[in-house]
Amino acid sequence: MHMSLRFRLNGRLIELKESGGAVLLDWLRREEGLTGTKEGCREGDCGACLVLLGEAPADPHAGKVEWVPVTSCLLALGDLDGRHVVTIEGLAADGPTPVMRALHDQNASQCGFCSPGIVVAITARLLEGGSIHEAALAAALEGNLCRCTGYAAIRRAVAKIAPDFADLPKDFSERLAALAERGVIPPALAESMKDLPPAASHQKATPAAEGSPASDERTLGGGTDWFVRHPDPEPETEFEFVDRQRKLRGIHKVDGRLEIGAAATIREFFASRAVRALAQGIESFEVDVASPSIRARGTLAGNIANASPVADMTAMLLALDARLRLKERHGEATREVALRDFFLGYKKTAARDDERIDAIILPDAAVPRRVAFEKAAKRARLDIAAVNTAMACRIEEGEGAPVLRDVRLSAGGVGPTPLFLAAASAFAEGKAVDAALVREVSRLAAAGTSAMSDARGSASYRTTMVERLTTAHFLRLFPELKLEEELFA
Ligand SMILES: Cc1cc2nc3c(=O)[nH]c(=O)nc-3n(C[C@H](O)[C@H](O)[C@H](O)COP(=O)(O)OP(=O)(O)OC[C@H]3O[C@@H](n4cnc5c(N)ncnc54)[C@H](O)[C@@H]3O)c2cc1C
Ligand code: FES
Ligand code: FES
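### Comments concerning the site of ligand 1
And then number 1: Taken together, the neighbourhood of ligand 1 is formed by 33 residues, with Gly-44, Gly-221, Gly-298, Gly-302 and Asn-303 sitting nearest.
And then number 2: Taken together, the elements giving at least two residues each to the shell around ligand 1 come down to strand E6 (217-220), helix H10 (226-229), helix H14 (300-305), helix H15 (312-319) and strand E15 (355-362).
And then number 3: Classifying every residue of the shell around ligand 1 by side-chain character gives 15 nonpolar, 11 polar and seven charged.
And then number 4: Residues from two domains meet in the shell around ligand 1; each of domain 1 (1-198) and domain 2 (247-487) gives at least three.

### Examining the packing of helix H3 (residues 98-105) against helix H4 (residues 115-128)
And then number 1: Look at H3 against H4: their axes get within 10 Å of each other, and the N-to-C directions meet at 130 degrees. By the angle between their axes, H3 is oblique relative to H4. Pair H3 / H4 crosses with right-handed handedness. Across from Val-99, Met-100 and Leu-103 in H3, the residues of H4 making contact are Ser-115, Ile-118, Val-119, Ile-122 and Thr-123.
And then number 2: Among the residues making up the contact of H3 with H4, the classes are represented as six nonpolar, two polar and no charged.

### Focus on the sheet that holds strand E10 (residues 279-280)
Hydrogen bonds between backbone groups are what pair the strands of a sheet, and the pairing can be parallel or antiparallel.
And then number 1: Ordered in space as E10-E16-E17-E18-E19, the five strands form an open sheet in which the pairing is mixed. In this open sheet, the two strands that pair with only one neighbour each are E10 and strand E19 (419-420).

### Some points on H3
Think of an α-helix as turning once every 3.6 residues; residues three or four places apart then point the same way.
And then number 1: For H3, the set of buried residues is Val-99, Met-100, Ala-102 and Leu-103. Around the axis of H3, the buried residues are gathered within 160 degrees of arc, so they sit on the same side.
And then number 2: Buried-residue contacts for H3 involve H4 and helix H6 (151-161).
And then number 3: Directly after H3, the chain includes Asn-107, whose backbone phi takes a positive value near 55 degrees.

### Some thoughts on the domain arrangement of the protein chain
And then number 1: Along its sequence, the protein chain is organised into domain 1 (1-198) and domain 2 (247-487).
And then number 2: The distance between the C-alpha centroids of domain 1 and domain 2 comes to 32 Å.
And then number 3: Each partner contributes residues to the interface: domain 1 has 15 residues there, and domain 2 has 12 residues.
And then number 4: No other element matches the four residues that strand E4 (residues 66-71) contributes to the side of domain 1 that touches domain 2.
And then number 5: Along the lines of polarity and charge, the residues of the side of domain 1 that touches domain 2 split into eight nonpolar, four polar and three charged.

Parameters and conventions
Residues numbered from 1 in each chain as written. Chains lettered and ligands numbered in written order. Predicted model: local features only at pLDDT ≥ 70, side-chain atom pairs only at ≥ 80, totals over all residues. Near = placed C-beta within 6 Å. Helix = DSSP H or I, 4+ residues; strand = E, 2+ residues; numbered from the N terminus. Nonpolar A, V, L, I, M, F, W, Y, C, P; charged D, E, K, R; others polar. Domains from an automatic or database assignment. Axes fitted to C-alpha atoms, helices over the stretch in contact; angles between N-to-C directions. Parallel < 35°, antiparallel > 145°, perpendicular 65-115°, else oblique. Left-handed = near helix turned anticlockwise from the far one by under 90°. Contact = placed C-beta atoms within 7 Å. Pairing = 2+ DSSP bridges. Buried ≥ 20, exposed ≤ 12 C-beta atoms within 10 Å, placed from the backbone. Arc of directions from axis to C-beta.

What follows is the structure, encoded as structure tokens:
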């Protein structure tokens, strides 16, 4: 079935019909001839295909367009309804921008293949708001690879750009105007970036729901997992895009619980004040997950539904005792399942074929917990974990050592599914923290796993890592106890 789409491309209104499963990158290059957007890895890893995506913010009261950098190789064309795509050609419409000039002047572009993506990533960071400094712009490039120039020249360009934009206004409209005035965005394009075109279809019902259920239906979040594994269009598949259903967007408190809609992205999760209040310290682990462009599209529901044993968000959510609301795709019936009971085997979950995840629910939104997360991978950034683990707990401070309450430990990469570490969690419950407790909890955590060897690590390496990283949780959460002095004496 073909979906009607209406969106803007570099300020121009586009209306077309799309059968689903084609990605934006192919359409830009083949149909529109916009070859400035490059095809590198086609797996979300290199950033050569980055474009700016303008979309309505999850919070309807935020009242502005949100601009994020996205990998067009993993973005379904069918998901563009009511949105705005800006490519490198749009940014360069009036000639080189200050970002482009800085890259040129610092010799930061040799073959130039990575350069459009780098310009888009920096421009997106300038648009996003928040304070602009060298480290912030460098962090915005964590999803961009350069295979020939070397990163020193790119860092020099970033150092050159940052001071010129340190004074950008906070307000979105004023910032957009300032960027247009300083030549970062052509003024005519900036004018069209203030709002969004009306969508062709306000997808209340999914295409599949309009008729009899299709033989191959697929609920899709950001597509950051799906399109890596399915790079070619699949005209037979009918896609249900969760982010086109307003009720699945956002993170809200409902009846004392925190409901994370199926469309909530990893970026939204870490930015959410409600999440930060409940899961204290969690924002510091955002950099451990993917890159800015993948976090801007990847959803928590997709991270769970994909059922990868090393899914990072799933490890954190297991430690936060999350529950899932599953809903029939073609009916209204819902049921709740604890996340720890959701994984039945390798890539096998408790969701029936006709069900999707509607929301992820964190209980007791009013009871803050401290959170720790550790990830062992071959690269410090933008890599799949060999092992990951998370811990969440409440801490009762008294006269003596702090006492642990509501302890939840999880681990990934050490079994066919993400694991909730029941024995280690139960053992720690209600106990005062000291070196002996840390040793025993870490031992029980490792004992609760069933790791196998593969290219990322042997079974014994993985098991040892769970033990060591569990100890690391305690060192992170209780620095004042100086546990390392006794543990490593
Ligand atoms: C370069 C790169 C780096 C990455 N780095 C990390 C990382 O560091 N850590 C990490 O954990 N992951 C990482 N990922 C994997 C991926 O980005 C995440 O797992 C992300 O959360 C997937 O979400 P999505 O919305 O994009 O899933 P999608 O690709 O949209 O969907 C994935 C699967 O889940 C199903 N699905 C999606 N939503 C629902 C729903 N609501 N109900 C039922 N089924 C659904 C889909 O049908 C599909 O089978 C990375 C991916 C890339 C490309
Ligand atoms: S082509 Fe490499 S991230 Fe898209
Ligand atoms: S300049 Fe060649 S890949 Fe970066």
